[in-house]
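# Residue-level structure breakdown
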Amino acid sequence: MPHAIVDGTLSFDAFVSITLAILLLFVGKGLAARVGVLRRYGIPEPVVGGVLCATVVCALYYGAGLRVEFDLGMRDLLLLYFFAALGLNSNVRELASGGRLLVVLALLATVFIVMQNGLGMALAGLFGMDPRAGLMVGSISLTGGVGTTLAWAPHFTDVLGIEDAAELGLAANMIGLISACVIGGPIAGWLIRQRPVMPSADAELEVGLLYGDESRTTLDYHAVLLALFWLNVALMLGHAIGGLIEGAGITLPAFVGCLLGGIALRAVGDLVAPEGGRMWRFNEMQPGIALISDMCLGLFLTMALMGLQLWVLQPMLGFIAVAMALQVAMVVAFTVFVVFRAMGRDYEAAVICSGFGGIALGSTATAVANMTAVAREYGAAPRAFLVVPLVCGFVIDLVNALVIGLLAR
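As a starting point, this report considers the structure included with it. Treat the numbers as computed from the prediction; the structure is a model and nothing was measured.

Only one face of strand β2 (residues 67–70) is buried, namely the one carrying Val68 and Phe70, since none of Arg67 and Glu69 on the opposite face is buried. Bridge count for strand β1 (residues 9–12) against β2 is 4 bridges, and the pairing is parallel. Counterpart to Phe12 in the pairing with β2 is Phe70.

Running from N to C, helix α8 (residues 165–194) and helix α14 (residues 364–378) point in directions that differ by 35°, and their axes come no closer than 9 Å. Where α8 crosses over α14, the handedness of that crossing is right-handed. In contact with Leu177, Ala180, Cys181, Gly184, Gly185, Ala188, Gly189, Ile192 and Arg193 of α8, α14 contributes Thr366, Asn370, Val374 and Tyr378. Across the contact of α8 with α14, the residue classes tally to 7 nonpolar, 5 polar and 1 charged.

This part covers helix α10 (residues 254–272). Within an α-helix, residues lying three or four positions from one another point in the same direction, as the helix has 3.6 residues per turn. If you check α10, its first and last C-alpha atoms are 27 Å apart, about what 19 residues at 1.5 Å a residue would give, namely 27 Å. Within the sequence span of α10, burial applies to Phe255, Val256, Gly257, Cys258, Leu259, Gly261, Gly262, Ile263, Leu265, Arg266 and Gly269.

The next point concerns the packing of aromatic side chains. Across all of its chains, the model carries 9 aromatic pairs by this definition. Between Phe229 and Trp230 the ring centres are 5.1 Å apart and the planes differ by 70°, which places this aromatic pair in the edge-to-face class. The class for Phe229 is partly exposed, based on a relative accessible area of 39%. Put simply, the rings of Phe229, Trp230, Trp280 and Phe282 pair up and form one aromatic cluster. One Lys or Arg, Arg266, reaches over the ring of Phe282 and ends 3.9 Å from the middle of that ring.

Parameters and conventions
Residues numbered from 1 in each chain as written. Predicted model: local features only at pLDDT ≥ 70, side-chain atom pairs only at ≥ 80, totals over all residues. Heavy atoms only, no water. Buried < 20%, exposed > 50% of the residue type's maximum accessible area, 1.4 Å probe, protein only. Helix = DSSP H or I, 4+ residues; strand = E, 2+ residues; numbered from the N terminus. Pairing = 2+ DSSP bridges. Axes fitted to C-alpha atoms, helices over the stretch in contact; angles between N-to-C directions. Left-handed = near helix turned anticlockwise from the far one by under 90°. Contact = heavy atoms within 4.5 Å. Nonpolar A, V, L, I, M, F, W, Y, C, P; charged D, E, K, R; others polar. Expected span 1.5 Å × (residues − 1). Phe/Tyr/Trp six-rings, centres within 6.5 Å; stacked < 30°, edge-to-face > 60°. Lys NZ or Arg CZ within 6 Å of the ring centre and 35° of its normal.

Structure representation (structure tokens):
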């Protein structure tokens, strides 16, 4: 429950925070269903409620001097469930068919990391700052996200002597996260309308349902319970896989292990019981998996956005405003003129483009949320939902760590 106001701070515990996130998700879904412009430009539903909450919290800070804080401990667990579900929905044969896209997108993301850091360092130098401070408005905060920002901040502060590195990186990450949510859907929608792209008519979405589609709303109790069981198994397997990866000296986000765990379970289940069995009835439990994954992704992103503290941007507003405006513009141009063409100029390419903003500016969850919003409007894109998370989970973190290590000396 909310605590008393202490030193101008009002804190909400985990129970109240997730309850508020559910309410905000309802608000976002309601507005997205009723406001045509939100659907037309593919703005993810959680963004509407999450940003609304962050705006109100910011107004309370400036208007009443009240600092509002939420306990967001459940957020990371929701993300793990989502990626376990995404793995269970993944077909190994489809993954193999997307191999070329995986390699090409990985190369594009690597090139863009270098471009992102080059722009950040050049702008820092123009503003009279240590050029290395520009890495904090480059791939550290934008491609890497909050975790990478907090991991590198002590090195910048203690070793390189760059003050307020953490605040600079977190502020850039906030703007990048919101920008990624805003630009992804509109980019895909514009490409579909302006280019000869045929949208998918497939209603079998990886996450959620098509707008107006009621064909999968009937759920079986046993199938949903079975879906939850296998999701828990995927989380446990993912934890073990993550331990093996970490033991090999490679640091990757926890969701990667859960994604691989889900993929492995699906492959084994389809191999051992291709027609289904007592405990493996994938066709029956797939609607339950889709429902759970949709809920977890929506609540995760809502909680991530409602927890943003927008007022930390004020001290560095000038530099951040210029840097982020140029970074976002570069993402849009690179996505439209390079990524779309390299990915094949088809519907899958357009959906991947909607997620590239999440790769370059936000997070894997943001990328998938953008793709989900587009898929709900135009139809399924199975290869996109396999390729983008794998690029985010594997290539980005490894390449980003190498590039940052070379530049932050």
